[in-house]
Amino acid sequence: MDKLKKIDKEYLLTDSTVNSYGYRLLTDGYLMSEYEKNPIGYYMHKNRDAGVVVKWEDFRKEGDKVFAKPVINLSHERGQRTVDEIESGFLNAASFGHFVVLEISSNPEDYLEGQTGPSVSKWFNRECSLVDIPGNYNALTDLFDENENPITLENLADLTPKSINMKQIFFTAEQLGKMNLKADADQASVETAFANLIAEAAKVPGLETARQKAVEDLKALQDKTTGDKIESLTKTALDEKKITAELAAQLKADYSTNPDGLEKVLKAIPAYQPITGQLIDGEKSDMAKMSWSELDKQGKLEDLKAKNPVLFNEKYKAEFGKEYSGK
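Residues numbered from 1 in each chain as written. Predicted model: local features only at pLDDT ≥ 70, side-chain atom pairs only at ≥ 80, totals over all residues. Heavy atoms only, no water.

S.K.: Please give an account of the overall build of the chain that cites residues and values.
M.R.: Counting its regular elements, the chain contains 13 helices and 9 strands. The burial tally for the chain puts 38% of its 327 residues in the buried class. Put simply, 68% of the contacts in the chain that link residues at least 6 apart link residues at least 24 apart. Carbon and sulfur atoms provide 51% of the accessible area of the chain, an area that totals close to 19300 Å². (Helix = DSSP H or I, 4+ residues; strand = E, 2+ residues; numbered from the N terminus. Buried < 20%, exposed > 50% of the residue type's maximum accessible area, 1.4 Å probe, protein only. Contact = heavy atoms within 4.5 Å. Areas by Shrake-Rupley, 256 points an atom, 1.4 Å probe, with all protein chains shown as cover.)

S.K.: Please set out the environment of E146 residue by residue, giving values where relevant.
M.R.: Its place among the elements puts E146 in the loop between β9 (143-144) and α3 (153-156). Judged by its relative accessible area of 59%, E146 is exposed. Put simply, E146 and F99 are 47 residues apart on the chain and 9.7 Å apart in space, counted from C-alpha to C-alpha. Ignoring any residue separated from it by four or fewer positions in sequence, one finds E146 in contact with V100, V101 and L102.

S.K.: Could you give an account of the confidence of the model for the chain, with specific residues and numbers?
M.R.: Across the chain, the average pLDDT comes to 81, with 82% of residues at 70 or higher. Scored below 50 in pLDDT, residues 136-141 makes 12 contacts in the model with residues more than four places away or belonging to other chains. The low-confidence segment residues 160-168, where pLDDT is below 50, has 19 contacts with residues more than four positions distant or belonging to other chains. (pLDDT = per-residue confidence, 0-100.)

S.K.: Just give me the short version of the pairing of strand β5 (residues 54-62), but keep the residues and values in it.
M.R.: Bridge count between strand β4 (residues 40-41) and β5: 2 bridges; the pairing is antiparallel. Note that in β5 the partner of G41 across the bridge is V54. With antiparallel pairing between neighbouring strands as the criterion, β5 and strand β6 (residues 65-73) make up a hairpin whose turn holds 2 residues, including G63 at a positive phi of roughly 65 degrees. (Pairing = 2+ DSSP bridges.)

S.K.: Could you give me a rundown of the environment of E57, with the residues and numbers involved?
M.R.: The residue E57 is located in strand β5 in this model. Residues E57 and E36, spaced 21 residues apart in sequence, show a C-alpha to C-alpha distance of 8.4 Å. Each residue touching E57, except ones within four places of it in the same chain, is listed here: K6, A68, K69 and V71. Polar side-chain contacts of E57 include one of 3.3 Å to the side chain of K6. (Polar contact = N/O pair within 3.5 Å; in protein donor to acceptor, adjacent residues only side chain to side chain.)

S.K.: Give a description of the side chain of T27 that names residues and reports values.
M.R.: Structurally, T27 can be placed in the loop between β3 (24-25) and α1 (32-36). T27 sits in the buried class, given a relative accessible area of 1%. If near-sequence neighbours (up to four positions away) are discounted, T27 is found in contact with D15, S16, K61, D64 and V66.

S.K.: Could you give an account of helix α2 (residues 79-87), naming the residues involved and the relevant values?
M.R.: Taken together, the buried positions of α2 are G79, T82, V83, E85 and I86. For α2, the angular spread of buried residues about the axis comes to 165 degrees, placing them on one side. Against β1 (4-6), β2 (11-14), β6 and β8 (119-131) lie the buried residues of α2. Backbone geometry just after α2 places G89 at a positive phi near 85 degrees. (Arc of directions from axis to C-beta.)

S.K.: Break down the sheet that holds β9 for me, citing the residues and quoting the values.
M.R.: One open sheet accounts for 4 strands, arranged β3-β8-β7-β9; its pairing is mixed. In this open sheet, the two strands that pair with only one neighbour each are β3 and β9. Pairing analysis gives 2 bridges linking strand β7 (residues 93-104) to β9, with the strands arranged parallel. Among the inter-strand pairings, F99 is bridged to a residue of β9, identified as L143.

S.K.: Describe in detail the pattern of salt bridges, supporting the description with residues and values.
M.R.: Counting across every chain of the model gives 20 salt bridges. In this structure, D15 engages K65 in a salt bridge whose closest nitrogen and oxygen atoms are separated by 3.6 Å. In this pair, D15 is assigned in the loop between β2 and β3 and K65 in strand β6, connecting sequence segments 50 residues apart. Taking the relative accessible area as the measure of exposure, D15 reaches 14% and is therefore buried. Salt-bridge contacts for K55 lead to E57; the nearest nitrogen and oxygen are separated by 3.9 Å. (Salt bridge = Lys/Arg side-chain N within 4 Å of Asp/Glu carboxyl O.)

S.K.: Can you break down the environment of P309 residue by residue, with the values?
M.R.: Mapped onto the elements, P309 comes out in helix α13 (residues 309-320). Given the relative accessible area of 27%, P309 is considered partly exposed. C-alpha separation for the pair P309 and Y324, spaced 15 residues apart in sequence, amounts to 9.6 Å.

S.K.: An account of the nonpolar core is needed here, citing residue identities and associated values.
M.R.: By size, the foremost hydrophobic cluster in this structure holds 33 residues, and its most contacted members are L13, Y30, W56 and L130. Elements supplying a minimum of two residues to this core: β2, α1, β5, β6, α2, β7 and β8. Those residues in contact with L13, other than ones at most four positions away along the chain, are W56, F59, V66, F67, A68, A94, F96 and C128. (Core = buried A, V, L, I, M, F, W, Y, C linked by side-chain atoms within 4.5 Å.)

S.K.: An account of helix α7 (residues 245-254) is needed here, citing residue identities and associated values.
M.R.: Among all positions in α7, only A248, L251 and D254 are buried. For α7, the angular spread of the buried residues around the axis is 130 degrees, confining them to a single face. Facing away from the buried side of α7, by more than 90 degrees, are the exposed residues A245, E246 and A253.

Spelled out as structure tokens, the structure:
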């Protein structure tokens, strides 16, 4: 009996869209060759100890999409069931897991409207599972740095490159009005109006010094506005316990001319939640001893889900015989 079965069906493995956790994995930066060295996968990113249930072949890129075909291990206890679910149309999605994050993009063009997390511009995965819902809860913890140290969305921004060459000039509404511009004028209009002012000033004898002073004053205003915004952003992040004082000092230095870039990074970092607020007294908790029905009757399921998703999933599985899918 043949122990393998190749499925003649392409699965979309990844693209550059914003995933369910708010960040993007840019296909241009995907090191596909790293994963092709050992293109294995499991079922729902689980049961690694039970062995590999799938490997992937016939990789191809089309635009920003990556496709491949699964080969099912029929020797695996779930092998034939997996084949049946695929062929009957019940298992139609694949999901990358064990991401190795090598670089975060600092290019504003790599960030989409409404995106809340960073854009990963250099990365690869170590496994790809067949799943019922791609981007599921179990994959969230599967993030690692280049040294295989686990990372979370909270510290994913720590990998942001330390060299960002972006400069912005900020004008007040009053200054824009003196250049006959509206408060919502675009950058091109501001540059044109400012260039015209300089040209007119150069035509008048004795105004060169005044022009130079005006430029210096505007530069000083820009620096102050930028500095004030950076100070405000880092103070808010400190108050929300998103960052430490040491990281705040480093971010001020790294983003000294790029407050908008700093704001994006800080927005991607969730507020600190003490571990005591996430756990429910460990295994000794009253909730840990209660059944799903008891928790439901007492209206405690939502509280358990929010504070201890691991225990919530255990209760769900004990009651329904399957992992919680997030719905």
